Amino acid sequence: MSTESKLQPAVDTAEADAAVAASANGSSSKKGKTPVVAGADADDPPGGRPATAKEVEDIMRKLGKMDIMQHLNQSNGNDQKSRKNPKDMDKYKFWQTQPVTRVDEKVESNGPIEVDKAIEDIRQTPYALPKDFQWSLIDIEDDKEAKELYELLSLNYVEDDDAMFRFDYSAAFLKWALQPPGWKKAWHIGVRVTSNNKLVGFISGIPAGLRVRSHQQQLVEINFLCVHKKLRAKRLAPVLIKEVTRRVNLEGIFQAAYTAGVYLPTPVATCRYYHRSLNPKKLVETGFSYVPRNMTIARMIRLYKLPETTFTPGLRPMQPEDVPQVTALLNDYMKTFPMAPFFSESEVRHWLLPVPTVVFSYVAPDAKTGKITDFFSFYSLPSRVIGNALHTHINAAYLFYYAPKGLGDDKEHTQKLLKDALILARKEKFDVFNCLDLLQNQGFLDELKFGRGDGNLHYYLYNYRCQQLKPEEVGLVLL
Ligand SMILES: CC(C)(COP(=O)(O)OP(=O)(O)OC[C@H]1O[C@@H](n2cnc3c(N)ncnc32)[C@H](O)[C@@H]1OP(=O)(O)O)[C@@H](O)C(=O)NCCC(=O)NCCS
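Residues numbered from 1 in each chain as written. Predicted model: local features only at pLDDT ≥ 70, side-chain atom pairs only at ≥ 80, totals over all residues.

The name that an unreviewed UniProt entry assigns to the chain is Glycylpeptide N-tetradecanoyltransferase, with the source organism given as Geranomyces variabilis. Listed in UniProt under the heading Function (unreviewed entry), the comment for the chain reads: "Adds a myristoyl group to the N-terminal glycine residue of certain cellular proteins." Checking UniProt for the chain, the heading Sequence similarities (unreviewed entry) contains the comment "Belongs to the NMT family." (UniProt positions renumbered as here; feature names shortened; annotations may be inferred.)

The following block contains the structure:
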C-alpha cells in the first residue's frame, strides 16, 4: 500500500487508435506502445524554426490524448489488471473482514467504522505465519538491514504491466521515508525464511497527522507492502496487513491512510498520474515513451525544452532556519483542502529539508520583507529499466508538497513557480517529472505540458468512513 501508481499511454481514444494503426506497418507494436514514426511530418514547422504558439498548442492537444508517457503502471503483473476494477464485496475474501467502507455502501456521514479497542482486547501475540517463515523487525538505522530491504524492494516491488520498469527506491530514500518524528521499529515489519534468514516480505507504518474535513487526528500511513515474487498469491499480504494493524493498535492508533493502484474496498479518492517529459530522447530509448504520430524526436526535444534559469526572484534551497515559516505557510495552504495532513515543525524539518539524492526543496522570500512567500519540493524515485541495452534507470522526480503565494489564488503565479520546479529538476538530471491531479495541480498541468497517465492511484482510509472526495480536494501526498 504505497503510492506505486504510474503512467500509461492514453491510447484509448479514436485518434490514438488511428495513430497506432497508421504506424503499425511492419513494426512490432507491443500492447500499449506506439512504435516510433520516423521522418518529417506535415505539420512540422519548416526549416527547423521554433514552433509557433498555435503549433505548440496543436501538438499539445494531440499529445494530451495519446501522450508519450507510457508504461509505469500501478500493478505488478498482468494478473493485476482485473484488480483495477471493483469486485463484489463478497469476492474480497480478506478485505470483507476488515473495517473498511464496503464497495456497495452509500456513505452518509464521516467517522470511525469500529470504536477504538481497549488495550486488553488487542491480540498480544503476532499472527501466525506459514511454516518455514518468521517475523523479523527491520532495523532501518542499520545499513546492512536497510540494504536488505532495498534489495527486496528493488527486485520485487511494483512493476509495470509489461515488466519493463520497476520502482527502485534507494536505501537513503527508505531510511528517510521510514524515520519521520515518532517512527517506531515495531512498525517496520519483515518476514524472513527461517532456514536462511532471507528477507521475503515487508510492510511499514509511520505516524502522521491527517485532517478529513473538520476532523483531525493522528494515524499511520502504511507503505512498502511487498511479498517476494516467488511467494505471491499465498495470502501472505493479509497476514502482513493484520500484523501491522495489531502493532499499530497496541500503540492506541486505529486509523490508517494508504494508497494503491489496485481497487480495494473502497477508495476515498481516485487520482490520476501526470508526467512531464524532461529528457524525451532517453524516455523514448527506454521504451517509457514513444514518438507519436505527427511528431519526431527532434520536435519532442524542442517542445519540452526548458529555460536555463528559474523565474522566481530569490528562489533558493530550503535551509534549517526556514522551517518555522515553511511550516506555517504549508499548514495554511493545507487547510484549503478537505483531506490534508497537518505538520509540526519537526515533521517539516524531517520531510522538507533537502536530503541529497532524496528530497529537493526550495523557498522564495518576498523581496522587501524577506518573508518566505513560496515553497515547493520534489523527491527522487528512479525506476529500473529491465533489460534495456542503453539505460539502466529512468530518473523520475515526483512533486511533493508545495505552497504558493496567496494560497494559490493567482494561477499564473503557481504555474511559474512549478515551472521553476521543472527547470530545477532538469538541472538535477531527472528525466521525467511526475505528479497527481490533486492539490491545485490541475491548474498547471496543461500549461506546463504534462501528459495524462492512464493509471489511477486510489486513496484509502482504514477504519474511517468518508464521503468520496475529488482529486482536487486531496492535499495528502504519500511516497
Ligand atoms: C501487493 C502484494 C504484497 C500482494 O501480495 P500477493 O501475493 O499478490 O497477494 P496475497 O495472496 O498475499 O493476498 C491477496 C489479498 O491481498 C489484497 N491486496 C493485493 N494488493 C494489495 C495492496 N496493494 N494493498 C492491500 N491489499 C492488497 C488482495 O485484494 C487480496 O485480498 P482480497 O481477497 O480481499 O481481495 C504483492 O503482489 C506484491 O508484493 N506486489 C508488488 C509490490 C506492490 O504492488 N505493493 C503494493 C503497493 S500499493
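Visitor: Is there a simple way to explain the overall build of the chain in this structure?
Guide: Looking only at helices and strands, the chain has 10 helices and 16 strands in total. A total of 479 residues make up the chain; the buried ones form 44% of that total. When contacts within the chain are restricted to residue pairs at least 6 apart in sequence, long-range pairs at least 24 apart make up 77% of them. (Helix = DSSP H or I, 4+ residues; strand = E, 2+ residues; numbered from the N terminus. Buried ≥ 20, exposed ≤ 12 C-beta atoms within 10 Å, placed from the backbone. Contact = placed C-beta atoms within 7 Å.)

Visitor: Before we go on, may I ask you to explain the packing of helix 8 (residues 323-334) against helix 9 (residues 345-352) in this structure?
Guide: The relative placement of two packed helices comes down to the angle between their axes together with the axis-to-axis distance. At a minimum axis separation of 9 Å, helix 8 and helix 9 run at an interaxial angle of 100°. Judged on the interaxial angle alone, helix 9 and helix 8 are roughly perpendicular. Across the interface between the two elements, V323, P324, V326, T327 and L330 from helix 8 touch E345, V348, R349 and L352 from helix 9. When the residues that make up the contact of helix 8 with helix 9 are grouped by side-chain class, the tally is 6 nonpolar, 1 polar and 2 charged. (Axes fitted to C-alpha atoms, helices over the stretch in contact; angles between N-to-C directions. Parallel < 35°, antiparallel > 145°, perpendicular 65-115°, else oblique. Nonpolar A, V, L, I, M, F, W, Y, C, P; charged D, E, K, R; others polar.)

Visitor: Would you take a moment to explain the site of the ligand for this structure?
Guide: In the neighbourhood of the ligand, 24 residues make up the surrounding shell, with Y92, F94, R232, A237 and A260 lying closest. Where the shell around the ligand is concerned, the elements lending two or more residues are strand 5 (215-227) and helix 5 (236-249). Partitioning the shell around the ligand into residue classes produces 16 nonpolar, 3 polar and 5 charged. (Near = placed C-beta within 6 Å.)

Visitor: Whenever I open this one, helix 10 (residues 411-427) confuses me. Can you help?
Guide: Along an α-helix, residues three or four positions apart point the same way, because every turn accommodates 3.6 residues. With 17 residues, helix 10 ought to run about 24 Å at 1.5 Å a step, and its terminal C-alpha atoms sit 25 Å apart, in line with that. Taken together, the buried positions of helix 10 are occupied by T414, L417, L418, K419, D420, A421, L422, L424, A425 and R426. Summarising the contacts, the buried residues of helix 10 are in contact with strand 7 (269-277), strand 10 (359-365), strand 11 (372-380), strand 14 (396-403) and strand 15 (432-436). One or two residues past the end of helix 10 sits K429, with phi positive at roughly 75°. (Expected span 1.5 Å × (residues − 1).)

Visitor: I would appreciate a short explanation of the sheet that holds strand 12 (residues 383-385) in the present structure.
Guide: Taken in spatial order, the 3 strands make up an open sheet running 2-12-13, and their pairing is antiparallel. Both outer strands of the open sheet, strand 2 (165-167) and strand 13 (393-394), are each paired with one neighbouring strand and no more. In this structure, strand 2 lies alongside strand 12, joined through 3 bridges in antiparallel fashion. What sits directly across from R166, in strand 12, is R384. (Pairing = 2+ DSSP bridges.)

Visitor: What exactly am I supposed to notice about unusual backbone geometry here?
Guide: In terms of backbone geometry, most residues other than glycine have negative phi values and most peptide bonds are trans. A cis amide bond links P265 to the next residue, T266, at an omega of -20°. Note on placement: T266 falls in the loop between strand 6 (256-260) and strand 7.

Visitor: Hey, could you run me through the environment of S383 in this one?
Guide: With respect to the element layout, S383 can be found in strand 12. Since 26 C-beta atoms lie within 10 Å of it, S383 is described here as buried. On a C-alpha basis, the gap between S383 and R166 in space is 5.3 Å, while along the polypeptide they are 217 residues apart.

Visitor: Whenever I open this one, the pairing of strand 6 confuses me. Can you help?
Guide: Consecutive side chains along a regular strand alternate between the two faces of the sheet. With 5 of its 5 residues buried, strand 6 lies for the most part within the structure. Strand direction decides the pairing type here: strand 5 and strand 6, joined by 2 bridges, are parallel. Pairing of E221 across the sheet is with A257, part of strand 6. In terms of handedness, the path from strand 5 via helix 5 over to strand 6 forms a crossover that is right-handed. Bridge count for strand 6 against strand 16 (residues 451-462) is 5 bridges, and the pairing is antiparallel. In the strand pairing of strand 16, Y258 is matched with Y460. (Right-handed = clockwise from strand over helix to strand, strands pointing away.)

Visitor: Would you mind going over the packing of helix 3 (residues 143-156) against helix 4 (residues 171-178) with me for this structure?
Guide: Where helix 3 meets helix 4, the closest approach of the two axes is 9 Å, and the angle between their N-to-C directions is 105°. Relative to helix 4, the element helix 3 lies roughly perpendicular. Here A146, K147, L149 and Y150 of helix 3 lie close against helix 4, whose contacting residues are A171, L174 and K175. Within the contact of helix 3 with helix 4, the residues separate by chemical class into 5 nonpolar, no polar and 2 charged.

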